[in-house]
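# Structural overview
As a plain string of letters, each chain reads:
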Amino acid sequence: MDAPPEVIDAGPVTLRRWSAEFAAAGTAAVRESLPELKPFLPWATDAYDEAATRGFIKTSLDKWAEGTEFNYAIMDAAGEVIGGLGLMSRMGPGVLEVGYWMRTAYAGRGHMTAAVRAASAVALTLPGIERVAIRHDVANGASGAVATKAGFVEVARVPSEPEAPGETGTDVIRERRA
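In this report, we go over the structure that sits alongside the text. (Residues numbered from 1 in each chain as written. Predicted model: local features only at pLDDT ≥ 70, side-chain atom pairs only at ≥ 80, totals over all residues. Heavy atoms only, no water.)

### Points about the packing of aromatic side chains
Here a ring pair, both rings aromatic, is described through the centre-centre distance and the interplanar angle of the planes. Applying the stated rule across the entire model yields six aromatic pairs. Measuring from centroid to centroid gives 5.4 Å for W64 and Y72, while their planes differ by 75°, and the two rings are edge-to-face. Ring-pair connections join several aromatic residues into one group, and the members of that group are W18, F22 and F56. (Phe/Tyr/Trp six-rings, centres within 6.5 Å; stacked < 30°, edge-to-face > 60°.)

### So, the pairing of strand β2 (residues 13-17)
Only one face of β2 is buried, namely the one carrying V13, L15 and R17, since none of T14 and R16 on the opposite face is buried. Bridge analysis of strand β1 (residues 7-10) against β2 gives four bridges, and the strand direction is antiparallel. Residue pairing in the sheet places V7 in a bridge with R16 of β2. Two successive antiparallel strands, β1 and β2, enclose a turn made up of two residues, where G11 displays a positive phi of approximately 75°. In this structure, β2 lies alongside strand β3 (residues 69-75), joined through four bridges in antiparallel fashion. (Buried < 20%, exposed > 50% of the residue type's maximum accessible area, 1.4 Å probe, protein only. Helix = DSSP H or I, 4+ residues; strand = E, 2+ residues; numbered from the N terminus. Pairing = 2+ DSSP bridges.)

### Brief notes about the environment of R176
Inspection of the secondary structure assignment puts R176 in strand β8 (residues 170-177). Once you skip the residues sitting within four places of it in the chain, R176 turns out to touch R117, S120, A121, L124, R131, V132, A150, G151 and F152. Side-chain polar atoms of R176 contact the backbone oxygen of R117, separated by 3.5 Å. (Contact = heavy atoms within 4.5 Å. Polar contact = N/O pair within 3.5 Å; in protein donor to acceptor, adjacent residues only side chain to side chain.)

### A closer look at helix α1 (residues 23-37)
Taking 1.5 Å per residue as the helical rise, α1 with its 15 residues ought to reach 21 Å, whereas the 18 Å between its terminal C-alpha atoms falls clearly short. Along α1, the sharpest change in direction is near 40° and occurs at R31; proline P35 comes one to four residues later. What α1 keeps buried is the set A23, G26, T27, A29, V30, S33, L34 and L37. Against the buried residues of α1 lie α2 (50-66), β4 (81-88) and β5 (95-102). (Expected span 1.5 Å × (residues − 1). Bend = angle between axes of the 7 residues up to and from the residue.)

Shown next as structure tokens:
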């Protein structure tokens with residue numbers, strides 16, 4: 001699969017391919033946001049530390065090279081890490097799944113909606129990509145709101161195995177097509 005650009009301009013924010021230089025800032029963003037992230041993200045635990053971020057960045061670089069996952073740090077105009085977004089091929093051929101999280105202090109300002117819109121628009125220009133999908137637990141209203149505002153339409157509700165404490169076992173799948 002062709003890779004998307006390493007930098008995506010999303011208006012109020014910029015998406016930059018994760019690199020080792022973002023490890024400390026990324027860790028701080030996650031640690032500050034644990035109360036909001038822990039219910040829905042299994043990796044967001046009290047034990048999360050810079051070693052976890054460095055491991056994530058290494059895996060991200062490997063998966064980028066393989067063409068299976070494209071992870072970005074979301075940065076504000078000052079270059080502060082305010083979240084993360086990934087485009088993942090795990091839903092099969094022709095589709096990229098968008099996953100995302102936002103630093104608590106920046107939530108509710110439209111930054112994530114802008115990031116998801118921009119990343120999705122780029123994804124839909126990649127050869128062989130026909131649709132972009134967001135999969136989130138039915139209880140994760142914030143993720144659902146971002147998806148709706150970014151132009152995604154619900155296409156299914158499917159059972160899932162809860163992996164984080166706030167998950168219900170029902171995922172909503174939303175899509176956006178070219």
